[in-house]
Amino acid sequence: EMAAYKEALEKFLRRLTLRSPLTRAEQDAIRALPGEEVRTAAHRDIVRPGHRMTSCCLVVEGLVGRFDQLANGHRQTTALHIPGDFCDLPSLAVPETGWGIQSLTDSVVRMVPHAA
């Protein structure tokens, strides 16, 4: 599944370079990001609210949703993510999540370490 991961990184890069010019070295650094593959069935949590993150989730396959947990226990979907989207880049600055991430379909994500 490395080819699908590389394709997801390319999709991310294409979207990023529409708004931000990147040097060849910066683009190559993004292409070289490591990531551990996580496969999930539909309707499974990938990240639970309040979890301390050490990595960001890049969607490789499927549809993933970011959600807030409401006081009454219900969830409110606040964003939908498709292949090439990093679901939780804010966790780089604030590692303790106030949100959760759930697979809405069978999905594959890559957990890219913050350190990378």
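About the criteria used
- Residues numbered from 1 in each chain as written.
- Predicted model: local features only at pLDDT ≥ 70, side-chain atom pairs only at ≥ 80, totals over all residues.
- Heavy atoms only, no water.
- Pairing = 2+ DSSP bridges.
- Helix = DSSP H or I, 4+ residues; strand = E, 2+ residues; numbered from the N terminus.
- Axes fitted to C-alpha atoms, helices over the stretch in contact; angles between N-to-C directions.
- Contact = heavy atoms within 4.5 Å.
- Salt bridge = Lys/Arg side-chain N within 4 Å of Asp/Glu carboxyl O.
- Buried < 20%, exposed > 50% of the residue type's maximum accessible area, 1.4 Å probe, protein only.

Looking at the sheet that holds strand S3 (residues 55–61)
Turning to step 1, where the next piece is worked out: As summarised here, the arrangement of the 3 strands in space is S1-S7-S3, forming an open sheet in which the pairing is antiparallel. Among the strands making up the open sheet, the edge pair consists of strand S1 (36–40) and S3. The average angle at which neighbouring strand axes cross in this sheet is 30°, direction not considered.
Turning to step 2, where the next piece is worked out: Pairing of S3 with strand S7 (residues 107–113), which is carried by 6 bridges, proceeds in the antiparallel orientation. Residue Cys-57 lies in a different strand from S7, and its bridge partner there is Met-111.
Turning to step 3, where the next piece is worked out: Together, S3 and S7 form the strand contacts of helix H1 (residues 2–19), whose direction differs from that of S3 by roughly 105°.

Topic: the pattern of salt bridges
Turning to step 1, where the next piece is worked out: Under the criterion given, the structure shown has 8 salt bridges.
Turning to step 2, where the next piece is worked out: Between Glu-37 and Arg-39 there is a salt bridge whose closest N-O contact spans 3.1 Å.
Turning to step 3, where the next piece is worked out: For Glu-37, a relative accessible area of 29% corresponds to the partly exposed category.
Turning to step 4, where the next piece is worked out: Overall, Arg-39 belongs to the partly exposed group, its relative accessible area being 48%.
Turning to step 5, where the next piece is worked out: A salt bridge links Arg-110 to Glu-37; the shortest N-O distance between them is 3.8 Å. Residue Arg-110 is located in strand S7, and its partner Glu-37 is located in strand S1; the two are separated by 73 residues in the primary sequence.
Turning to step 6, where the next piece is worked out: Given a relative accessible area of 9%, Arg-110 falls into the buried group.
Turning to step 7, where the next piece is worked out: Each of the salt bridges in this network shares a partner with another, and the network as a whole consists of Glu-10, Asp-28 and Arg-31.

A look at the sheet that holds strand S5 (residues 75–81)
Turning to step 1, where the next piece is worked out: The sheet built from 4 strands is open, its strands ordered S2-S6-S4-S5 with antiparallel pairing. A single partner strand is all that each edge strand has here, and the edge strands are strand S2 (44–47) and S5. The average undirected angle you get between the axes of adjacent strands in this sheet is 35°.

Some details on the pairing of strand S6 (residues 100–103)
Turning to step 1, where the next piece is worked out: Residues Gly-100 and Gln-102 point to one face of S6 and Ile-101 and Ser-103 to the other, with burial holding for every one of them.
Turning to step 2, where the next piece is worked out: As judged from the 3 bridges shared by S2 and S6, these two strands associate in the antiparallel manner. Among the inter-strand pairings, Val-47 is bridged to a residue of S6, identified as Ile-101.
Turning to step 3, where the next piece is worked out: Alignment of strand S4 (residues 64–69) against S6, held across 4 bridges, turns out to be antiparallel. Opposite Arg-66, over in S6, you have Ile-101 as the bridge partner.

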